[in-house]
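# Working through the structure, step by step
Each chain, letter by letter, is given below.
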Amino acid sequence: MPYYFAYGSNMNPARVAARIGDTRRALHGWLEEHRLSFDKASRVPGIAHANVQPARGERVEGVLYELRDPEQITLMDPYEGRPHEYERFRHAIVTRDGVIEAWVYIALPERTGQGLKPAREYLEHLLGGRDFLTPDYFTALADVEAVHSLDDDTLARLGLSRSTPG
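What counts and how
Residues numbered from 1 in each chain as written. Predicted model: local features only at pLDDT ≥ 70, side-chain atom pairs only at ≥ 80, totals over all residues. Heavy atoms only, no water. Phe/Tyr/Trp six-rings, centres within 6.5 Å; stacked < 30°, edge-to-face > 60°. Helix = DSSP H or I, 4+ residues; strand = E, 2+ residues; numbered from the N terminus. Buried < 20%, exposed > 50% of the residue type's maximum accessible area, 1.4 Å probe, protein only. Lys NZ or Arg CZ within 6 Å of the ring centre and 35° of its normal. Core = buried A, V, L, I, M, F, W, Y, C linked by side-chain atoms within 4.5 Å. Contact = heavy atoms within 4.5 Å. Polar contact = N/O pair within 3.5 Å; in protein donor to acceptor, adjacent residues only side chain to side chain. 1 Å grid on protein atoms, 1.4 Å probe; cavity = no way out; pocket = protein on both sides within 12 Å on 5 of 7 lines; lining within 4 Å. Points joined across faces, edges and corners; volume = space filled by probe spheres on them. Nonpolar A, V, L, I, M, F, W, Y, C, P; charged D, E, K, R; others polar.

In this structure the tally under the stated criterion is two aromatic pairs. Note on Tyr-4 and Tyr-105: the rings are 5.8 Å apart at their centroids and 80° apart in plane angle, and the pair reads as edge-to-face. Here Tyr-4 is found in strand 1 (residues 3-6), whereas its partner Tyr-105 is found in strand 5 (residues 98-107), with 101 residues between them in sequence. The same class applies to Tyr-4 and to Tyr-105, which are both buried. Among the aromatic residues, those joined into a cluster by ring pairs are Tyr-4, Tyr-65 and Tyr-105. In this structure, Arg-90 is placed above the aromatic ring of Trp-103, and the distance from its NZ or CZ to the ring centre is 4.8 Å. Taking the ring centre of Phe-138 as reference, the NZ or CZ of Arg-130 above it sits at 4.1 Å.

Ranked by size, the top nonpolar core spans 48 residues in total, and within it Tyr-4, Phe-5, Tyr-7, Leu-36, Phe-38, Leu-64 and Leu-141 carry the most contacts. Per element, the largest residue contribution to this core is eight residues, and it comes from strand 3 (residues 47-66). Filtering out sequence-adjacent residues up to four positions away, Phe-5 remains in contact with Gly-29, Trp-30, Leu-31, Val-60, Glu-61, Gly-62, Val-63, Leu-64, Ile-93, Ala-102, Trp-103 and Val-104.

Within the fold, Arg-88 resides in strand 4 (residues 86-95). Classification of Arg-88 by relative accessible area gives buried; the value is 11%. Residues contacting Arg-88, with those up to four places away along its chain left out, are Ile-73, Thr-74, Asp-77, Arg-82, Trp-103, Val-104 and Tyr-105. At a separation of 2.9 Å, a polar atom in the side chain of Arg-88 contacts the side chain of Asp-77.

Here the focus is the layout of surface pockets. Taken as a whole, the largest pocket spans an internal volume of roughly 500 Å³. Lining the largest pocket are 26 residues, and of these His-49, Tyr-79, Glu-80, Gly-81 and Tyr-86 lie nearest its centre. If you list the elements that add at least two residues to the lining of the largest pocket, you get strand 1, helix 1 (13-20), strand 2 (25-41), strand 3 and helix 2 (72-80). When the residues that make up the lining of the largest pocket are grouped by side-chain class, the tally is twelve nonpolar, seven polar and seven charged.

The structure is reproduced here in structure tokens:
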């Protein structure tokens, strides 16, 4: 079966279910030799989405979803802005059960920038993956500096709302 590794807002299982339907299972996994960054420019100036960058000795934790159908990954493409914002790559994801190859979305270099911060509502989706993260990783995510008090119209442009699921 195909797998999809989420390190950003899709760590929230409710968001994934709303986007592509039910998956077979979800488990804790991590991408070695990478670090999490908030450098993917969004539709709103100054606001970031998550991305991963190669980084020796570091790892990015996330949720590894076993898809019910191989076509589910193509259902995720529009939400990830593929192929104009992110591209999909196959990477080895480490789990307690061994290494599993999975799809991972990585931002195109021309879509990244410096000095960006995630919206608090976006960060809440990452924190929705708490059950799949180590306590230290979760705490580090919770401490990420985020932009607060965005108005409803701005949140809608980001594909977000004040309610967490979906």
